[in-house]
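# Coordinate inspection notes
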Amino acid sequence: MFERPIYLDKMLQFKDSDDIKILTGVRGSGKSSLMKLYKIHLINEGIPDRNIVYMNFESYDYQSINNEEKLRTALNKLHLQIQDRVYWLLDEIQLVTGWQRVINDLKADYDCDVMVAGSNADILSDELHGGCSEISVYPLSFKEFLQVKQLSSDSRLIDEAYDEFEKYGGMPAALLTHEESKDITLQGIFASSVLRDVIYKSFIKDSASLKGVISFLVTNIGSFLNASKISNTLNDRGVVTSVPTVSRYLNLLKTSYLFDKAKKYDIENHEYLKTNSKYFMVDSGLSRSMIGRDTDNTCTMENIVYMELKRRGYHVDIGYFDNREIGFIAKQLDKTVYAKVVFDLSEAIDATEDFNKITDSCKKILVSSYYQEMKQVNVIEIKYIVDWLLE
C-alpha cells in the first residue's frame, strides 16, 4: 500500500478527538487503504491490535450487517470483548440503514474513537451528534502519481509521465495495472460507482437517460450547462428525459463524488450569478473510460487544474469580471487565488489583460500547457502545468 501523508497526517491529527472522523470520496479513490494504513500507524504507536476494529460493510464478512439492529448487536458484542479504548474504523458505513443512531449511542456510552468512510455525501448526516471532521479523499495527485512510479520531479521522463496521468488519471487501481488493462480497470471502477452509488441506491429504472446525462457532462467539461439545456439536447438525440429528472441525476452524480459543480461568481459585486454552471469529473481517466476515447486536451487540462485546486483544499468557482469569464477563483479561509488555463500565446495575452483589470492583491496564475521561458508578466505568474502540479 502506498502511504499518502497528506491524508494520513490529517487522520492522525484528529486521533482521540471527540469528533467523528469522516473520510469521503469517490469509490476507488483509496479510502479503504488509508483506513488500513491508519490502523498500522495506531499499532506502531503501541495501541493493541485487538483494540482496533476495521469493518468494511461491502466485504463478505460484514455485508449481512445492513441495518441498525444488526450493527448495534455486532458492535456491542465486540466491545464487550475489548478492554480500554476501542478504535472503530467503519468502511462504507452508508450501506447500513440507521447507522447514525448506533454511532451516536456508541460515542455516548463507551470509551471509543470513531472513524467512518463512505462513497456518498449522504454520510455527512445531520443526524450525527457532536462534532464531525471531514477528510476529503481524492484520486492520486500528479505528485503522488510520480512517487508511486518512483520518478523524481527532475526526471527526463516527467513529460511522458504527465501524458500518462492526463490519459489514465490517478485512480490507484488503474495506476497499478498494466497499460493494456488500464481502460478495463477504469471502466470497472466507473460502472461500480454508477451502479452501486447512483442506480442501485436511488432506485433508478431508466439507466439510459442517466448514462446520457453522464456522457453529455463528460463531453462538455469546461462548458456552462444547466438541466434544461441537457434535457433538451438529450431529447433531440432520442433519449427521453425531463428537466426534473436531469436535475435529480446531476445531484446524485455530485453526491457520489463523480462530478463537482462550479458556479459563476461575480468578483466585482461579490455574489453568485444564478445562471449556468460548469461540471468537472473527479478523474480524467474516468472521463476517458466513460466515452471510450480521449477527451479534448483543453477540457482535460482544465479538469485537472480544477481538481488539483480542490485537492489542495480550495473552494473553487468560475470568476466573472466585467461580464467576462476570467478563470478559476479559488478561496481557502482568507486566501484567494485566481487561476486560468491557457494553451497558446493569444490566450495568454487575453488572460493577462483580464487579470490586470482585477486590482486586488491576490495571487494570479496562468497555467500553461507548454513550457515558457517567461515566468511572470507584471504580478501574474506563468507556470507550466507540470511544474504547477509539483508545487
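The notes below deal with the structure included here. Values in this document were obtained by computation on a predicted structure and should not be read as measured data.

Before going further, it helps to spend a moment on the sheet that holds strand S7 (residues 264-266). Each strand in a sheet pairs with another by means of backbone hydrogen bonds, the pair being arranged parallel or else antiparallel. One open sheet holds the eight strands; their spatial order is S8-S7-S10-S11-S12-S13-S15-S14, and the pairing between them is mixed. This sheet does not close on itself; its edge strands, each paired only once, are strand S8 (271-272) and strand S14 (376-377). Summarising the sheet, S14 and strand S15 (residues 380-384) pair through two bridges and their orientation is antiparallel. Looking across to S15, one finds that Gln376 is bridged to Glu381. Helix H13 (residues 297-311) contacts strand S10 (315-321), strand S11 (324-332), strand S12 (335-342) and strand S13 (363-368) of the sheet and is inclined by roughly 25° relative to S11. Sheet strands touched by helix H14 (residues 345-357): S10, S11, S12, S13, S14 and S15. Its angle to S12, the strand with the most contacts, is close to 155°.

Moving on: the nonpolar core. Ranked by internal contacts, the top residues of the largest apolar core, which has 90 residues, are Phe142 and Ile385. Take this core: its biggest share by element is seven residues, from H13. Residues contacting Ile385, with those up to four places away along its chain left out, are Tyr162, Met301, Ile304, Val305, Val367 and Ser368. Judged by nonpolar contacts, the second largest core, of 24 residues, contains Ile22, Met55, Trp88 and Leu106.

Let us look at the packing of helix H8 (residues 179-202) against helix H9 (residues 207-219). One can describe the packing of H8 onto H9 by two numbers: an axis separation of 12 Å at closest approach and a directional angle of 125°. On the basis of the axis angle, H8 is oblique to H9. Considering the relative orientation of H8 and H9, their crossing is right-handed. Seen from H8, the contacting residues are Phe190, Val194, Val198 and Ile199; seen from H9, they are Ser207, Leu210 and Ile214.

The strand order across the open sheet built from five strands is S2-S3-S4-S1-S5, with neighbouring strands paired in parallel fashion. Each edge of the sheet is formed by a strand with only one pairing partner; in this case those strands are strand S2 (52-56) and strand S5 (132-136). Averaged over all pairs of adjacent strands, the angle between their axes in this sheet comes to 15°, without regard to strand direction. Here helix H4 (residues 99-109) sits on the sheet in contact with strand S1 (20-24), strand S3 (86-91) and strand S4 (112-118), set at roughly 160° to S4.

About the criteria used
Residues numbered from 1 in each chain as written. Predicted model: local features only at pLDDT ≥ 70, side-chain atom pairs only at ≥ 80, totals over all residues. Heavy atoms only, no water. Pairing = 2+ DSSP bridges. Helix = DSSP H or I, 4+ residues; strand = E, 2+ residues; numbered from the N terminus. Contact = heavy atoms within 4.5 Å. Axes fitted to C-alpha atoms, helices over the stretch in contact; angles between N-to-C directions. Core = buried A, V, L, I, M, F, W, Y, C linked by side-chain atoms within 4.5 Å. Buried < 20%, exposed > 50% of the residue type's maximum accessible area, 1.4 Å probe, protein only. Parallel < 35°, antiparallel > 145°, perpendicular 65-115°, else oblique. Left-handed = near helix turned anticlockwise from the far one by under 90°.

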